[in-house]
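Topology and contacts: notes
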2 protein chains.
Amino acid sequence: MDTTQPSGILAPALTAFTDRLDIDTERTIVHLQWLLGHGCDALVVFGTTSEANSLSVAERTSFLEQAVAAGIDSKKLMPGTGCCSLPDSIALTKHAVGLGCPGVLMLPPFYYKATSDEGLFRYFANVIERVGDERLRIYLYHIPPISQVPISLTLIEKLTTEFRGIVVGIKDSSGDWEHTRQVIDRFAPAGFRVFPGSELHLLSALRAGAKGCISAFANINPALLQKVFQNWQGPEAEALQQETERQGRTLRKYPVIPALKAILAESRKDPGWENIRPPFVPLSSAQREALFADLSSVVFQR
Amino acid sequence: MDTTQPSGILAPALTAFTDRLDIDTERTIVHLQWLLGHGCDALVVFGTTSEANSLSVAERTSFLEQAVAAGIDSKKLMPGTGCCSLPDSIALTKHAVGLGCPGVLMLPPFYYKATSDEGLFRYFANVIERVGDERLRIYLYHIPPISQVPISLTLIEKLTTEFRGIVVGIKDSSGDWEHTRQVIDRFAPAGFRVFPGSELHLLSALRAGAKGCISAFANINPALLQKVFQNWQGPEAEALQQETERQGRTLRKYPVIPALKAILAESRKDPGWENIRPPFVPLSSAQREALFADLSSVVFQR
């Protein structure tokens, strides 16, 4: 077992912005610290929920350096580094590995659609070759509802065969439990580390052999997910998972990223948390009211 | 009539790469010169066909500077500058305007899907405000088959109302002639400059009030498209359009970007033209053979 690799509950950490929509480094770092202190085992910085693709390469490398300088343990970070452009993915991946991050989460190049497994394989192979660092560990990022570029089972097979010990896991945000189960059944026995991209199937995934989950929901209630993770073999498991699903489904009634930011703004008494880069917009006041009414039956973590 | 704005036949110019997959600046500039000398009125550098989204911001700004330094008239360039990230789009747009390019072609941010018109509006508004240059002219880039983020008629209405004289046109690569016709009918009378993103409806588009077209096909036979453009009111128009469609449909039987590169490699006796960044792969030898057999009935320009 590779104990240097993250497992358990990971949040794709929200990114705070100033009123001018620059990264609010300090506020974001405070959030990272809060997450690590309240139930997260590790953090995906620059995931989908982090608005990573709304950030430039320079913003991403600079923020990561500042977070590590502020005392965030790089061993607990799995930065998202997959971009449309090969040089961007190489630069971000090299930078993350250089800072001591144990793994990176890589989107496939997502502009062109209906690309071939062979083309995607060459993309990852190119990044691996050009990063050229034996410490590199890649988690594939399968999120077809957003990227529209799936990572097929055939591609996983090819990458894990060709780059054994480098391509070590996947975040499966297909939202399709049958697909996640297939990935676990087929690849987990050989040590492939599977993280569903949602808390809705956390218990089933752990029972099947997943290593944890990477869930946007962890930004607001990591302790609950951590309880599921700690107790998945215990008598309380089903009840904890049910409560998780109830809260997760409440959140999903709203645009998730703006809703998460509205919840942080409310719970931290800090309206600046609602700042969000376009193409997103903050919740409308009607949405915000409805969200908080819904939440009255849900205890979010403060 | 604004005579500084491009019209006629524009090619989204192919980008050449070295064997190591760096931009081959010299070979690409030679191609730009060839296009301008053989029927193109202007060029989109960094369009979809240029593999723009496989390039970094630094590669794009550096190439553009080198092209202009090599004598390519910046007044004939409409660079693609729309990225997922706001700072990238601002940087590229500012740079292009600074170099004297009369217009830029802007994709909407294309990672997140099902975003709102309001979010997309804020995106473009932010770019316009931060570029802050009265010379800025934006052409919207509607290419839902690839970006999966359409630019709705409502959004065009809002942008052209709010930013009259700045948001001046569109490349419509919907591939849906009825949609293109709607855009022309609704917005062209007020001076909005519509360019279909394909040669297949060039004649119909010109008759309806389009300003020309921006077509990948122009990389290999710009003279034929120029003939349609010159003669669209003449007796030969239908025959020229038919020949254009015959050649265009032949090309579309293959993956278009690799096929265009294979044709340039063949016609210029320069195999290096087939280099392509993943997620694309060069044509297989079977595809290449079939393509050249198909082309025996098609006269491409040398």
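Refer to the structure presented above.
In short, a report on the structure. Remember, it's a predicted structure, so these values are computed and weren't measured experimentally.

**Remarks on the overall build of chain A**
The helix and strand tally for chain A stands at twelve helices and seven strands. A compact globule built from 302 residues would reach a C-alpha radius of gyration of about 19 Å, and chain A, at 18 Å, matches this within 12%. Counting only C-alpha atoms and orienting by the principal axes, one finds that chain A spans roughly 50 × 50 × 40 Å. Relative to all contacts within chain A whose residues are 6 or more apart in sequence, the contacts with residues 24 or more apart total 72%.

**What about the relation of the copies chain B and chain A?**
Both copies of the chain are tied together by a single rotation about an axis and a shift running along it. Least-squares fitting of chain B to chain A yields an RMSD of 0.0 Å, with the superposition described by an axial translation of 0.0 Å and a rotation of 180 degrees. Considering both components of the superposition, the chain copies are consistent with a two-fold axis. Identified as the residue of chain B closest to the rotation axis by C-alpha distance is Y111(B), at 3.9 Å. Looking at chain B, 100% of its interface residues are interface residues in chain A too, so the copies touch through the same face.

**Let's talk about empty space enclosed by the protein**
Going through the model one piece at a time under the given rule, you end up with eight cavities of 30 Å³ or more. By volume, the largest cavity amounts to about 250 Å³. Lining the largest cavity are 20 residues; nearest its centre among them are C84(A), D88(A), C83(B), C84(B) and D88(B). Contributions of two or more residues to the lining of the largest cavity are made by α2 (57-69) of chain A together with α2 (57-69) of chain B. Residues that form the lining of the largest cavity fall into these classes: eleven nonpolar, five polar and four charged.

**Thoughts on the interface of chain B and chain A**
Taken together, the contact pairs 45 residues of chain B with 45 residues of chain A. In this assembly, chain B packs against chain A so that about 3,400 Å² is buried in total across both faces, 64% of it on carbon and sulfur atoms. Interface area lost by chain B to chain A is led by Y111(B), Y112(B) and P279(B), which between them contribute 24%. For the interface between chain B and chain A, the tally reads zero salt bridges. Seen at the junction of chain B and chain A, the total is twelve residue pairs in polar contact (both at pLDDT 80 or more). Contributing elements (two or more residues each) for the side of chain B that touches chain A: α3 (86-98), α4 (117-131) and α5 (144-147) of chain B. Grouping the amino acids of the side of chain B that touches chain A by side-chain chemistry returns 23 nonpolar, twelve polar and ten charged.

**Concerning the pairing of strand β4 (residues 138-142) of chain B**
Residue and element names in this part refer to chain B. Where burial is concerned, most of β4 is hidden: five out of the five residues are buried. Neither face of β4 is left uncovered, since the one carrying I138, L140 and H142 and the one carrying Y139 and Y141 both have all their residues buried. Bridge analysis of strand β3 (residues 104-106) against β4 gives three bridges, and the strand direction is parallel. If you follow M106 over to β4, its bridge partner there is L140. This β-α-β element, β3 to α4 to β4, shows right-handed connectivity. Of the pairings in the sheet, the one linking β4 to strand β5 (residues 167-172) comprises five bridges and is parallel in character. Along β5, the bridge assignment pairs Y139 with G169.

**Side note on the packing of α2(A) against helix α3 (residues 86-98) of chain A**
Residue and element names in this part refer to chain A. Running from amino to carboxyl end, α2 crosses α3 at an angle of 5 degrees, the nearest separation of the two axes being 10 Å. By the angle between their axes, α2 is roughly parallel relative to α3. Across the interface between the two elements, V57, R60, T61, L64 and E65 of α2 pack against D88, L92, H95 and A96 of α3. When its residues are assigned to classes, the contact of α2 with α3 shows four nonpolar, two polar and three charged.

**What about the side chain of H179(B)?**
All names here are of chain B. Along the chain, H179 falls in helix α7 (residues 177-187). By relative accessible area, H179 is classed as buried at 15%. What H179 contacts, discounting residues up to four positions off in sequence, is H142, L153, D172 and S174.

**Observations concerning the environment of S116(B)**
Residue and element names in this part refer to chain B. Within the secondary structure, S116 is located in the loop between β3 and α4. Taking the relative accessible area as the measure of exposure, S116 reaches 32% and is therefore partly exposed. Linking S116 and S152, residues 36 residues apart in sequence, is a C-alpha distance of 10.0 Å.

**Digging into the sheet that holds strand β1 (residues 8-12) of chain A**
Backbone-to-backbone hydrogen bonds join strands into a sheet, with any given pair of strands oriented parallel or antiparallel. All names here are of chain A. Across the sheet, which stays open at both edges, the three strands sit in the order β2-β1-β7 with parallel pairing between neighbours. In this open sheet, the two strands that pair with only one neighbour each are β2 (42-44) and β7 (212-214). Averaged over all neighbouring strand pairs, the angle between strand axes comes to 20 degrees, with direction disregarded. Note: β1 against β7, three bridges, orientation parallel. Pairing of I9 across the sheet is with C213, part of β7. Packing of helix α9 (residues 222-230) onto the sheet brings it into contact with β1 and β7, and relative to β1 it is tilted by some 155 degrees.

**A short note on the nonpolar core**
Core analysis: the largest hydrophobic core is formed by 208 residues, its most contacted members being L140(A), I156(A), F192(A), L140(B), I156(B) and F192(B). Once residues lying within four places of it in the same chain are set aside, the contact partners of I156(B) are L140(B), I151(B), I170(B), V183(B), F187(B) and F192(B).

**A closer look at the pattern of salt bridges**
Scanning all chains against the criterion turns up 28 salt bridges over all chains. For the salt bridge of R207(A) with E238(A), the shortest nitrogen-to-oxygen distance reads 3.0 Å. Placement of the pair is R207(A) in helix α8 (residues 202-208) and E238(A) in helix α10 (residues 237-251), with a sequence separation of 31 residues. A relative accessible area of 45% means that R207(A) is categorised as partly exposed. Put simply, E199(B) and R252(B) hold a salt bridge, and the shortest N to O gap is 2.6 Å. Pair noted here: E199(B) is in the loop between β6 (193-196) and α8 (202-208) and R252(B) is in the loop between α10 (237-251) and α11 (256-267), with a separation of 53 residues, a long-range link. For E199(B), a relative accessible area of 1% puts it in the buried group.

**Remarks on the sheet that holds strand β1 (residues 8-12) of chain B**
Residue and element names in this part refer to chain B. Taken in spatial order, the three strands line up as β2-β1-β7 in an open sheet, and their pairing is parallel. Both edges of this open sheet fall to β2 (42-44) and β7 (212-214), since each of them pairs with a single strand only. Direction aside, the axes of adjacent strands within the sheet are offset by 20 degrees on average. The pairing of β1 with β2 spans three bridges and is classified as parallel. Looking at the pairing, A11 lines up with L43 of β2.

Procedures and definitions
Residues numbered from 1 in each chain as written. Chains lettered and ligands numbered in written order. Predicted model: local features only at pLDDT ≥ 70, side-chain atom pairs only at ≥ 80, totals over all residues. Heavy atoms only, no water. Helix = DSSP H or I, 4+ residues; strand = E, 2+ residues; numbered from the N terminus. Rg over C-alpha atoms; globule rule 2.2 N^0.38 Å. Contact = heavy atoms within 4.5 Å. Least-squares fit on C-alpha atoms with pLDDT ≥ 70 in both. 1 Å grid on protein atoms, 1.4 Å probe; cavity = no way out; pocket = protein on both sides within 12 Å on 5 of 7 lines; lining within 4 Å. Points joined across faces, edges and corners; volume = space filled by probe spheres on them. Nonpolar A, V, L, I, M, F, W, Y, C, P; charged D, E, K, R; others polar. Buried area = accessible area lost by both parts, 1.4 Å probe. Salt bridge = Lys/Arg side-chain N within 4 Å of Asp/Glu carboxyl O. Polar contact = N/O pair within 3.5 Å; in protein donor to acceptor, adjacent residues only side chain to side chain. Buried < 20%, exposed > 50% of the residue type's maximum accessible area, 1.4 Å probe, protein only. Pairing = 2+ DSSP bridges. Right-handed = clockwise from strand over helix to strand, strands pointing away. Axes fitted to C-alpha atoms, helices over the stretch in contact; angles between N-to-C directions. Parallel < 35°, antiparallel > 145°, perpendicular 65-115°, else oblique. Core = buried A, V, L, I, M, F, W, Y, C linked by side-chain atoms within 4.5 Å.

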